[in-house]
2 protein chains.
Amino acid sequence: MDLKLVETASNPAIPSPIKRDNKRPHQILNAAIELFRDRGFEATRLEDVADKAGVSKATIYLYFESKEDLFYALIREKVVPMLEQTIAQADAFQGPASEFLRMKAKGVGRLFAHSEQGAILKLVISEARRFPDLSDYYRTEVPERGLENLSKVIRRGIDEGEFRECDTEAAAAAFMFPLLMTGIWMNSVGPDEIVRPDETIDFHCENFIRGLQV
Amino acid sequence: MDLKLVETASNPAIPSPIKRDNKRPHQILNAAIELFRDRGFEATRLEDVADKAGVSKATIYLYFESKEDLFYALIREKVVPMLEQTIAQADAFQGPASEFLRMKAKGVGRLFAHSEQGAILKLVISEARRFPDLSDYYRTEVPERGLENLSKVIRRGIDEGEFRECDTEAAAAAFMFPLLMTGIWMNSVGPDEIVRPDETIDFHCENFIRGLQV
DNA sequence: TTGAAAATACTGACTGGTCAGTCACAAAGT
DNA sequence: ACTTTGTGACTGACCAGTCAGTATTTTCAA
């Protein structure tokens, strides 16, 4: 799987001359994630990214075409591998629908709440309107793929008599949204004393299942 | 109620010389909301705000001290009135806790999904790390105030035998998050075909109550 | 093995464009 | 006349992106 994006003026088909087995791109990307999350794309100075990565600004241009390309690369390098893992996990699952939901909540919820994936989600949300093609890619590949998958699982739960009949698409969104929101919260206004992410996710998951059971 | 913020270098106690009974500030603020939401604070040029408001850039400086002040004023002028209304509504409510939740979901959910309040939420989330005092103010006044209030209502529901015993703080967050997330979704990656905000909120509300009932 | 040449990796200093914020002046209202 | 409301033109700082040149690593002939 590869990040394909429509070619635009601001996104000229990225030849991406990243040389392999070189740690520089990863150093730079890791520095960029944190700064982009904390200050936003526009307000982040490439010089600060360079400092944080321990290189000079010009070095960034050896590995990335432009500041925008750095942003695109971030999604390419950090999101796609996570996706493959999550999908494999979901495909392998056999068992009652409610167990799948529990697994999903623990996996996805914790991932967004405590890893760099939450920072990336918040970043994409923040910059979505400025990078519509990237936002479309991320939306369809990450949350919508998750929603579709969930929708099917809930349908299966209904067919097998575990869950009550309901609008499965709405249910999928209602299940997913607290997981995403917890991740965004922890990477923007939070962390704080009021919202305890793990407890919130656990409660949500159990209460959601309880509400759905016949 | 007034927006008080700790005085910092970037926020020098805002004397706010906004002359009253003048439509200019509102024109400017309305133009700013939309541009800030779509491009973010940093990437929005004051000249574009001016164009959209139908004035010259220098005119903005008759009513606002700086670009940052414009952002602060946006919260002052657009959030505080909404808050007062919501609080009055909540205080006046008498009836079963589940009815309160329904009212809350319809009110707050629709507000964030379909009005400028969703855009403001998304904006604050996006810029939270860059404007920590504003983010603190917003977080404590808007979502956390809502969470506290909800927490109490759920407690009341438990005490009156309507709801099962549970972690009321986690429950409040789990109830609130889909409402907030729907608003953010609609103002960033959405609108799209997959997420229908009203159906999502309605399902969430009913399923949440169903899960909570004894 | 050594060391000169080639290839690769990196950088400091610069530039051209952009934009927040200013100011001297103009128009409109009273 | 005087105050309020407005503006076009300017400026100084900032920063993405470039480039000429330096360091380091690799290659390979003697």
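No experiment lies behind these values; they were computed from the predicted model shown.

Caption draft 1: Up close: the overall build of chain A. Secondary structure summary: chain A contains 11 helices and 0 strands in total. Reading the secondary structure of chain A in the N-to-C direction produces α-α-α-α-α-α-α-α-α-α-α. Seen through its principal axes, chain A has C-alpha atoms that stretch 60 × 40 × 30 Å. In chain A, which comprises 214 residues, the proportion classed as buried is 58%. Partitioning the contacts of chain A with sequence separation of at least 6, the portion at a separation of at least 24 is 74%. Approximately 8,900 Å² of chain A is accessible, and the part contributed by carbon and sulfur atoms is 49%. Here chain A contributes 28 positive and 35 negative side-chain charges, whose respective centroids are spaced 3 Å apart.

Caption draft 2: Fine view of the protein's contact with DNA strand C. Taken together, the neighbourhood of DNA strand C is formed by 15 residues, with R24, T59 and Y63 of chain A together with R45 and K57 of chain B sitting nearest. The sugar and phosphate moieties of DNA strand C supply 54% of its atoms located within 4 Å of the protein. Separating a phosphate oxygen of DNA strand C from a side-chain N or O atom of T59 of chain A is a distance of 2.5 Å. Within the contact set of DNA strand C, a phosphate oxygen lies 2.3 Å away from a side-chain nitrogen or oxygen of Y63 of chain A. Those elements giving two or more residues to the surface near DNA strand C turn out to be α3 (57–63) of chain A together with α3 (57–63) of chain B. Its residues placed into classes, the surface near DNA strand C shows 7 nonpolar, 4 polar and 4 charged.

Caption draft 3: Inspection of the pattern of salt bridges at higher detail. Counted by the stated rule, this structure contains 43 salt bridges over all chains. For D136 of chain A, the salt bridge goes to R139 of chain A, with nearest N and O atoms at 3.2 Å. Within this pair, D136 of chain A and its partner R139 of chain A are both found in helix α8 (residues 132–141), separated by 3 residues, close to a single helical turn. Since its relative accessible area comes to 37%, D136 of chain A is described here as partly exposed. The class of R139 of chain A is buried, set by a relative accessible area of 10%. For the salt bridge of R110 of chain B with D198 of chain B, the shortest nitrogen-to-oxygen distance reads 3.9 Å. Here the residue R110 of chain B occupies a position in helix α6 (residues 97–114), and D198 of chain B occupies one in helix α11 (residues 197–212), the gap between them amounting to 88 residues. Here the salt bridges share partners, and the residues they tie into one network are K106, R110, D198 and D202 of chain A.

Caption draft 4: Layout of the interface of chain B and chain A. Between chain B and chain A, the contact holds 51 residues from the first and 51 residues from the second. Taken together, the two surfaces of chain B and chain A that pack against each other cover about 4,800 Å², and 63% of this comes from carbon and sulfur. The largest contributions to the chain B side of the interface with chain A come from R129, F177 and F203 of chain B, which together make up 16% of the buried area. Summed over the shared surface of chain B and chain A, the result is 8 salt bridges. D167 of chain A serves as the salt-bridge partner of R196 of chain B, at 3.1 Å between the closest nitrogen and oxygen.

Caption draft 5: Inspection of the packing of helix α10 (residues 168–186) of chain A against helix α11 (residues 197–212) of chain A at higher detail. Residues and elements named next belong to chain A. α11 packs onto α10 with a crossing angle of 175 degrees between their chain directions and a minimal axis gap of 10 Å. Classified by the interaxial angle, the pair formed by α10 and α11 is roughly antiparallel. Seen from α10, the contacting residues are A171, A174, F175, P178, L179, T182 and M186; seen from α11, they are P197, I201, H204, C205 and F208. Of the residues belonging to the contact of α10 with α11, the class tally is 10 nonpolar, 2 polar and no charged.

Caption draft 6: Examining the protein's contact with DNA strand D more closely. Near DNA strand D there are 15 residues, and of these R45 and K57 of chain A together with R24, T59 and Y63 of chain B occur at the shortest range. The backbone of T44 of chain A places a nitrogen or oxygen atom 3.3 Å from a phosphate oxygen of DNA strand D. For the surface near DNA strand D, the secondary structure elements donating two or more residues are α3 of chain A together with α3 of chain B. It is α3 of chain B that provides the largest number of residues to the surface near DNA strand D, a total of 4 residues.

Caption draft 7: Local environment of α11 of chain A. Taking 1.5 Å of rise per residue, 16 residues should cover 22 Å, and α11 of chain A covers 22 Å from first to last C-alpha, within 8% of that figure. Within α11 of chain A the residues assigned to the buried category are P197, T200, I201, F203, H204, C205, N207, F208, I209, G211 and L212 of chain A. Summarising the contacts, the buried residues of α11 of chain A are in contact with α6 (97–114), α9 (143–159) and α10 of chain A together with α10 (168–186) and α11 of chain B.

Caption draft 8: Spatial organisation of the domain arrangement of chain A. All names here are of chain A. As far as domains go, chain A holds domain 1 (1–76) and domain 2 (79–212). Summarising the inter-unit geometry, the C-alpha centres of domain 1 and domain 2 are found 27 Å apart. Every contact between the two is made by 21 residues of domain 1 and, on the other side, 20 residues of domain 2. Summed over both partners, the interface of domain 1 with domain 2 buries about 1,800 Å², with 69% contributed by carbon and sulfur atoms. On the surface where domain 1 and domain 2 come into contact, there are 1 salt bridge.

Conventions adopted
Residues numbered from 1 in each chain as written. Chains lettered and ligands numbered in written order. Predicted model: local features only at pLDDT ≥ 70, side-chain atom pairs only at ≥ 80, totals over all residues. Heavy atoms only, no water. Helix = DSSP H or I, 4+ residues; strand = E, 2+ residues; numbered from the N terminus. Buried < 20%, exposed > 50% of the residue type's maximum accessible area, 1.4 Å probe, protein only. Contact = heavy atoms within 4.5 Å. Areas by Shrake-Rupley, 256 points an atom, 1.4 Å probe, with all protein chains shown as cover. Lys, Arg positive; Asp, Glu negative; His and termini not counted. Charge placed at Lys NZ, Arg CZ, Asp CG, Glu CD. Near = heavy atom within 4 Å. Polar contact = N/O pair within 3.5 Å; in protein donor to acceptor, adjacent residues only side chain to side chain. Nonpolar A, V, L, I, M, F, W, Y, C, P; charged D, E, K, R; others polar. Salt bridge = Lys/Arg side-chain N within 4 Å of Asp/Glu carboxyl O. Buried area = accessible area lost by both parts, 1.4 Å probe. Axes fitted to C-alpha atoms, helices over the stretch in contact; angles between N-to-C directions. Parallel < 35°, antiparallel > 145°, perpendicular 65-115°, else oblique. Expected span 1.5 Å × (residues − 1). Domains from an automatic or database assignment.

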